[in-house]
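# What the coordinates show
One-letter residues, chain by chain:
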Amino acid sequence: MLVAGGLSLAALTTHLADPKFRKPLKDGFTKGEFDADFWKSSVTLLGDATGSVPGIAAVASGAKAGTAAARAAMAAAPEAVALSSLGTGATAFRSTTWSTGLAIQEVENPLVTWAVRTTDPTARKAAGLVAPVAGGLTGIGGHLSDSESVERASTAADGVRGVLDDAPSAGAKAAGAWAAMRP
């Protein structure tokens, strides 16, 4: 999850730095040109942003714990513990980031959970796999085909998946991490 979050953050940064990528977004908002390129760029940014949220949340949780542990170690014996307090902070950062990451992975999409609340557990697990499988298929289809209609259908499917799966999941995961970080 941390690697995926880092890659999503890198993709977000790379996309936002590319003037050719930003142009359809700018034209959409300034000139009202909400064409296929605008929607493709928008859906890509949604995916990049929501993909980075769980990793950022886990690292933020680890950073908070690491800072608190280092400060506590420095306060206990400030004259001789500068380097060891950094070690204490790094250890707390690593273990908290890891445990928060594991906890975040268990958070389910609240929309899917609500929609399948009355079904049997097997159907619930299968419903949780629909969006990732659909994302993989639309990604493969979009890259393997030169058809503009396939690309548009792929963008539309990814947009729907982003709104119904990625965004609610990222929000629930970030909320869970935030709740764990609050004093």
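Fair warning: this is a prediction, and the values are worked out from it, not measured in the lab. For every chain, the first residue of the written sequence is number 1, and numbering continues from 1 onward in sequence order. Predicted model: local features are reported for residues with pLDDT of at least 70 only, side-chain atom pairs are reported and counted for 80 or more only, and whole-chain, interface and lining totals are derived from all residues. Excluded from the side-chain calculations are hydrogens and water; all other atoms, namely the structure's heavy atoms, are used.

### Some remarks on the nonpolar core
Formed by Leu12, Phe21, Leu25, Phe38 and Leu45, the largest nonpolar core amounts to 5 residues. Under the DSSP-based scheme used, a helix requires at least four consecutive residues in state H or I and a strand at least two consecutive residues in state E, with every element numbered from the N terminus. Where this core is concerned, the elements lending two or more residues are helix H2 (19–31) and helix H3 (36–76). Between two residues, a contact is recorded if the distance between any of their heavy atoms is within 4.5 Å. For Phe38, the residues in contact, after removing those within four places along its chain, are Pro24, Leu25, Gly28, Phe29 and Glu33. As used in this record, nonpolar core signifies buried Ala, Val, Leu, Ile, Met, Phe, Trp, Tyr and Cys residues forming a set joined through side-chain atoms within 4.5 Å. Three exposure classes are used, based on accessible area relative to the maximum for each residue type with a 1.4 Å probe and protein chains only: buried under 20%, partly exposed in between, and exposed over 50%.

### Points about the confidence of the model for the chain
A score between 0 and 100, pLDDT records how confident the predictor is in each residue. Confidence in the prediction for the chain averages 83 pLDDT; 94% of positions are at 70 or higher. Per-element confidence in the chain ranges from a low mean pLDDT of 78 for helix H6 (residues 121–144) to a high of 94 for H2.

### Observations regarding the packing of aromatic side chains
Only rings of Phe, Tyr and Trp enter the pairing, Trp through its six-membered ring, and a pair is recorded when the two centres are within 6.5 Å. The plane angle decides the type: under 30 degrees is stacked, over 60 is edge-to-face, the rest tilted. Counted by the stated rule, this structure contains 4 aromatic pairs. With 6.4 Å between their ring centres and 85° between their planes, Phe29 and Phe34 make a pair best called edge-to-face. Judged by its relative accessible area of 65%, Phe29 falls in the exposed class. An aromatic cluster is present here, built from Phe29, Phe34, Phe38 and Trp39 joined pairwise through their rings.

### Things to note about H2
Because each turn of an α-helix spans 3.6 residues, side chains separated by three or four positions end up pointing in the same direction. Given a rise of 1.5 Å per residue, 13 residues ought to cover 18 Å, and the 17 Å separating the end C-alpha atoms of H2 matches this to within 8%. Taken as a whole, H2 has its buried residues at Phe21, Pro24, Leu25, Asp27 and Gly28. Next to the buried residues of H2 lie helix H1 (2–17) and H3. Of the residues that open H2, the one with a side-chain oxygen 3.0 Å from the backbone nitrogen of Lys20 is Asp18. Looking one or two residues past H2, Gly32 carries a phi angle of roughly 75°, positive in sign. By this rule, a helix spans an expected 1.5 Å times one less than how many residues it contains. For the purposes of these results, a polar contact is taken to be a pair of N or O atoms within 3.5 Å, where, inside protein, one atom must be able to donate a hydrogen and its partner to accept one; residues adjacent in sequence count only when each atom of the pair is a side-chain atom.

### Topic: the packing of H2 against H3
For the pair H2 and H3, the least separation of the axes is 8 Å and the interaxial angle reads 115°. Judged by the inter-axis angle, H2 sits roughly perpendicular to H3. For the pair H2 and H3, the sense of crossing is left-handed. Of the residues in H3, those touching H2 at Phe21, Pro24, Leu25, Gly28 and Phe29 are Asp37, Phe38, Ser41, Ser42, Thr44 and Leu45. Axis definition: a line fitted to C-alpha atoms, limited for helices to the stretch in contact. Angles are taken between N-to-C directions and run from 0 to 180 degrees. Throughout, the term roughly parallel applies to angles under 35 degrees, roughly antiparallel to angles over 145, roughly perpendicular to angles from 65 to 115, and oblique to all others. Each crossing gets its handedness from the near helix: less than a right angle anticlockwise from the far helix is left-handed, clockwise is right-handed.

### A look at the environment of Val116
Within the secondary structure layout, Val116 lies in the loop between helix H5 (110–115) and H6. Judged by relative accessible area, which is 14%, Val116 ranks as buried. Contact partners of Val116, with chain neighbours within four places excluded, come to Arg124 and Ala127.

### A word on H1
Relative to the 22 Å expected for 16 residues at 1.5 Å per residue, H1 spans 22 Å between its end C-alpha atoms, a close match to the ideal helical length. Listed in full, the buried residues belonging to H1 are Gly5, Ser8 and Leu12. Relative to the axis of H1, the buried residues are bounded by an arc of 60° and lie together on one face. Counted as exposed and oriented over 90 degrees from the buried face of H1: Val3, Leu7, Thr14 and Ala17. The inward-facing, buried residues of H1 contact H3. Of all possible arcs, the one meant is that of the directions from the helix axis to the C-beta atoms.

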